[in-house]
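# Structural characterization, general
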Amino acid sequence: MSNRDPDFVYVTYIKTTPEKLWEALTSSTFTRQYWFGCEVTSDWKVGSPMTYVMNGEKKVEGKVLVADRPKLLSYTFREAFGESAKEPPTKVTLELEPEAGTETVRLTVTHTDFIAGSKHRPSISGGWPAVLSNLKSFLETGKTLEFEM
Amino acid sequence: MNDVFKALADETRREILDTLYAKSGQTLGELYAPYAKSMSRQAVMKHLGILEAANLVAIVWSGREKRHYLNPIPIHAIQDRWIKKFERQRMDALAALKTALEGSEPKGKKHVQS
């Protein structure tokens, strides 16, 4: 965790295993199905680049900071277009913790390091809840929810 | 989802969520301040416990301090499960009404008023 307090913290409980959840978060074949059609791609080695690509267009770029499969994933995050591309990268951390005695994994997403008055902040606050509920639905039922953008 | 509805069925708890929406990451002390005259610290802690159990509030430890974050995920789930569904029916009903009123149905299938 950074020394700054996080801007966003999201917690969701998903009936799955940490391995499956890790796969769902890191494999473009899976992310395409629940992440607004986004392919999240990287070799997930520390220091490697990471991108979100939608319909062949790069939307987000970053760098892998931590990849401790299947427990902790962290990367920098910067929108690849528009006003927020001029802001310094923010940081995404995904923590996967199995809930003792259940077949459930607690997924905590923290998104930190936004600058004051960030243009990029509002799209983030709307984005994660939709992505996470779609992810939960995808892993638990194999189906994703219909969503309008 | 019962936990979430129960947690939301209280004015103070909804107020606390609004407070966290306005400024996330508040400590118990900060959250208690507006209620200092009307409620015991214990009572506010109890409300926070219920919100936490319903996963509407997420906790992050900052040193020895507990910071509270609004976690909107369960509310999003309610929207998906309970709101969109009924909205869609209303939209369908409106679409059907529009079709009937504007008479844009395919030929040979004249609409009969019922």
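Residues numbered from 1 in each chain as written. Chains lettered and ligands numbered in written order. Predicted model: local features only at pLDDT ≥ 70, side-chain atom pairs only at ≥ 80, totals over all residues. Heavy atoms only, no water.

On to the interface of chain A and chain B. Every contact between the two is made by 16 residues of chain A and, on the other side, 15 residues of chain B. Interface area, chain A with chain B, both sides summed: about 1,300 Å², of which 57% is carbon and sulfur. At the boundary of chain A with chain B, the tally comes to 0 salt bridges. Those elements that provide at least two residues to the side of chain A that touches chain B are strand 1 (8–15) and helix 3 (121–141) of chain A. The element best represented in the side of chain A that touches chain B is strand 1 of chain A, accounting for 5 residues. Residues that form the side of chain A that touches chain B fall into these classes: 10 nonpolar, 2 polar and 4 charged. (Contact = heavy atoms within 4.5 Å. Buried area = accessible area lost by both parts, 1.4 Å probe. Salt bridge = Lys/Arg side-chain N within 4 Å of Asp/Glu carboxyl O. Helix = DSSP H or I, 4+ residues; strand = E, 2+ residues; numbered from the N terminus. Nonpolar A, V, L, I, M, F, W, Y, C, P; charged D, E, K, R; others polar.)

Another aspect to go through is the pairing of strand 4 (residues 57–68) of chain A. All names here are of chain A. When strand 3 (residues 49–54) meets strand 4, the two strands line up antiparallel, connected through 6 bridges. Note that in strand 4 the partner of V53 across the bridge is K58. Hairpin connection between strand 3 and strand 4: a loop of 2 residues separates the two successive antiparallel strands, and N55 in this loop has a positive phi of roughly 50°. Two strands pair when backbone bridges link them, and strand 4 and strand 5 (residues 72–79) are joined in this way by 6 bridges, in the antiparallel orientation. Counted as the bridge partner of V60 is E79 from strand 5. (Pairing = 2+ DSSP bridges.)

Residues and elements named next belong to chain B. Where strand 1 (residues 57–62) lies against strand 2 (residues 65–70), 6 bridges are found, and the strand directions are antiparallel. Looking at strand 2, one finds that V60 is bridged to R67. Between strand 1 and the antiparallel strand that follows it, strand 2, lie 2 residues; G63 among them carries a positive phi value of about 65°.

With the rule as written, the count across this model stands at 10 aromatic pairs over all chains. Taking 5.6 Å as the distance between ring centres and 90° as the angle between the ring planes, the aromatic pair formed by F8 of chain A and F114 of chain A counts as edge-to-face. Pair noted here: F8 of chain A is in strand 1 and F114 of chain A is in the loop between strand 7 (104–112) and helix 3, with a separation of 106 residues, a long-range link. Here F8 of chain A matches F114 of chain A in class, with each residue buried. Taken together through their ring pairs, the aromatic side chains of F30, Y34, W35, W44, Y52, Y75, F77, W128 and F138 of chain A make up a single cluster. It is K59 of chain A that lies over the ring of F81 of chain A; its NZ or CZ is 5.1 Å from the centre. Geometry around W82 of chain B places R81 of chain B over its ring, the cationic atom sitting 4.1 Å from the centre. (Phe/Tyr/Trp six-rings, centres within 6.5 Å; stacked < 30°, edge-to-face > 60°. Buried < 20%, exposed > 50% of the residue type's maximum accessible area, 1.4 Å probe, protein only. Lys NZ or Arg CZ within 6 Å of the ring centre and 35° of its normal.)

Residue and element names in this part refer to chain B. Once the domains are mapped, chain B shows domain 1 (2–71) and domain 2 (72–102). The centre of domain 1, based on its C-alpha atoms, is set 31 Å off from the matching centre of domain 2. In this complex, domain 1 contributes 8 residues to the contact, which on the side of domain 2 involves 6 residues. At the boundary of domain 1 with domain 2, total buried surface from both sides reaches about 550 Å², with 82% on carbon and sulfur atoms. Broken down residue by residue, the surface that domain 1 buries against domain 2 is led by V4, F5 and N71, which jointly contribute 63%. One can count 0 salt bridges joining domain 1 with domain 2. For the interface between domain 1 and domain 2, the tally reads 1 residue pair in polar contact (both at pLDDT 80 or more). (Domains from an automatic or database assignment. Polar contact = N/O pair within 3.5 Å; in protein donor to acceptor, adjacent residues only side chain to side chain.)

A few words on unusual backbone geometry. A cis geometry characterises the amide bond from R69 of chain A onward to P70 of chain A, with omega recorded as -10°. Not every positive phi belongs to a glycine, and N55 of chain A is a case in point at roughly 50°. Within the element layout of this structure, N55 of chain A appears in the loop between strand 3 and strand 4. Since its relative accessible area comes to 76%, N55 of chain A is described here as exposed. With a phi close to 65°, N55 of chain B is a non-glycine residue in the positive phi region. Residue N55 of chain B is classed as buried on the basis of its relative accessible area, which comes to 10%.

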